[in-house]
Amino acid sequence: MEMLYLKLIKGFCLSFLLSINPALAESSHTLRLATTTSVENSGLLTYLMPHFKIKHPYEVDVSIVGSGKALRLGRTGAVDVVWVHSPASEMRFVEEGFGVNHHTVMRNDFVIAGPKHDPAKIADSADVLAALKKISDSNATFISRADDSGTNKKEISLWKKLDYDPVGEDWYIETGSGMAESLKTAEKQQAYIMVDRATFVVRHGPSFKILIEDPDNLSNPYSVVMVNPEKHSATNTVAAGDFITWISSDAGKSAIESFQHNNQQLYFAVDSFK
């Protein structure tokens with residue numbers, strides 16, 4: 001009886017607070033999500049949100065940024081959940097106490113795209129590392145996002161494997177832009193670029209093609225992470241939890257895998273909880 005009484009009192013207090021503070025009520029129904037430009041550029045975000053809102057009618061405030069900035073927004077408490085593709089940075093985010101409930105939900109891959117005439121003749125390369133070496137040896141123009149995104153971090157890691165730093169070379173162009181804009185720049189300059197497959201499929205022009213595929217070196221997993229409420233008490237843990245639970249559920253996985261462009265599946269759901 002005492003427990004029932006306490007629950008009733010808590011419920012009354014919450015209702016009273018919401019009635020006198022509409023901003024509190026509004027914030028409780030808002031999910032603040034930071035996600036990558038590739039998720040937005042490919043159209044996946046727009047496709048998934050109506051599926052999520054069928055049972056979870058939140059207002060979703062989305063920040064479309066690179067993975068690095070998304071994680072910085074999480075560190076400051078500006079968002080409730082991040083949806084990114086930068087595994088090493090995600091792990092640091094969690095290990096340093098800023099993130100909880102780290103869940104890898106899907107994957108696709110990166111590719112090296114370029115003009116169809118392939119001036120550096122990379123198409124017959126054994127792997128992506130051999131292709132990048134050919135690009136650097138021939139001084140063929142290469143476009144880098146240079147924006148601390150998951151794509152940019154992956155690209156840098158590949159150059160490091162070659163023990164080579166291309167920054168500052170005339171042929172190495174840094175855009176500081178998102179994936180779609182960088183791809184557009186590469187096409188305009190008839191340059192090479194590393195791009196996630198989904199954005200390429202949706203956004204590429206007729207003069208460009210995929211030249212290098214390398215599953216061993218170019219895997220691209222995406223994860224969701226809740227911002228730790230112990231670091232930031234304003235985190236909407238209910239909304240963030242609902243999103244993470246949904247996107248990792250059978251319904252969420254089905255929605256991810258049903259997203260296509262020109263009958264081509266762009267993302268694949270995975271079962272990996274960290």
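Everything below is about the structure shown above.
The notes below deal with the structure included here. (Residues numbered from 1 in each chain as written. Predicted model: local features only at pLDDT ≥ 70, side-chain atom pairs only at ≥ 80, totals over all residues. Heavy atoms only, no water.)

A word on helix α11 (residues 237-247)
Listed as buried for α11 are A239, A240, G241, F243, I244, W246 and I247. Turning to α11, the residues buried within the fold contact β1 (30-35), α4 (44-53), β3 (81-84), β4 (99-115), β9 (219-227) and α12 (250-258). (Buried < 20%, exposed > 50% of the residue type's maximum accessible area, 1.4 Å probe, protein only. Helix = DSSP H or I, 4+ residues; strand = E, 2+ residues; numbered from the N terminus. Contact = heavy atoms within 4.5 Å.)

Some points on α4
By the burial criterion, the buried members of α4 are L44, L45, L48, M49 and F52. Viewed along the axis of α4, the buried residues span an arc of 120°, placing them on a single side of the element. (Arc of directions from axis to C-beta.)

Some thoughts on the packing of α4 against α12
As a packed pair, α4 and α12 sit with axes 10 Å apart at the nearest point and diverge in direction by 150°. For the element pair α4 / α12, the angle class is roughly antiparallel. Crossing handedness for the pair α4 and α12: right-handed. Two secondary-structure elements touch here, α4 through Y47, L48 and H51 and α12 through A255, I256 and S258. Considering only residue class, the contact of α4 with α12 consists of 4 nonpolar, 2 polar and no charged. (Axes fitted to C-alpha atoms, helices over the stretch in contact; angles between N-to-C directions. Parallel < 35°, antiparallel > 145°, perpendicular 65-115°, else oblique. Left-handed = near helix turned anticlockwise from the far one by under 90°. Nonpolar A, V, L, I, M, F, W, Y, C, P; charged D, E, K, R; others polar.)

Focus: the side chain of N236
Mapped onto the secondary structure, N236 falls in the loop between β9 and α11. Given a relative accessible area of 12%, N236 falls into the buried group. A polar contact of 3.2 Å, which involves the side chain of N236, links it to the backbone oxygen of S28. A distance of 3.1 Å separates a polar side-chain atom of N236 from the backbone nitrogen of A239. (Polar contact = N/O pair within 3.5 Å; in protein donor to acceptor, adjacent residues only side chain to side chain.)

Observations regarding the pairing of β4
With 14 of 17 residues buried, β4 is to be regarded as a mostly interior element. Bridge count for β4 against β9 is 8 bridges, and the pairing is antiparallel. Residue pairing in the sheet places D109 in a bridge with S219 of β9. One ladder, built from 4 bridges, connects β4 with strand β7 (residues 192-196); its direction is antiparallel. Within the sheet, the bridge partner assigned to F110 lies in β7 and is D196. As paired elements, β4 and strand β8 (residues 208-213) share 5 bridges and run antiparallel to each other. When the sheet's bridge partners are listed, G114 is paired in β8 with K209. (Pairing = 2+ DSSP bridges.)

Let's talk about empty space enclosed by the protein
Tallied over the entire structure, the rule returns 1 cavity of 30 Å³ or more. When contributions to the lining of the largest cavity are tallied by element, the ones reaching two or more residues are β5 (142-144), α8 (150-161) and β7. Looking at the lining of the largest cavity, its residues break down into 4 nonpolar, 3 polar and 2 charged. (1 Å grid on protein atoms, 1.4 Å probe; cavity = no way out; pocket = protein on both sides within 12 Å on 5 of 7 lines; lining within 4 Å. Points joined across faces, edges and corners; volume = space filled by probe spheres on them.)

Observations concerning the environment of V100
Inspection of the secondary structure assignment puts V100 in strand β4. The sequence separation of V100 and N228 amounts to 128 residues, and the corresponding C-alpha distance is 5.5 Å. Excluding anything up to four places from it in sequence, V100 contacts V225, M226, N228 and P229.

Comments concerning the nonpolar core
Nonpolar side chains in soluble globular proteins tend to end up buried together. Ranked by size, the top nonpolar core spans 30 residues in total, and within it W83, M106, F243, I247 and Y267 carry the most contacts. Counting only elements with at least two residues in this core, the list comes to β1, α4, β3, β4, α10 (197-203), β9, α11 and α12. Among the elements that make up this core, the one with the highest residue count is α11 (6 residues). Once residues within four sequence positions are removed from consideration, F243 is found in contact with L31, L33, M49, F52, V81, W83 and V224. Listed in part, the 20 residues of the second largest apolar core include I135, Y192, L211 and I212. (Core = buried A, V, L, I, M, F, W, Y, C linked by side-chain atoms within 4.5 Å.)

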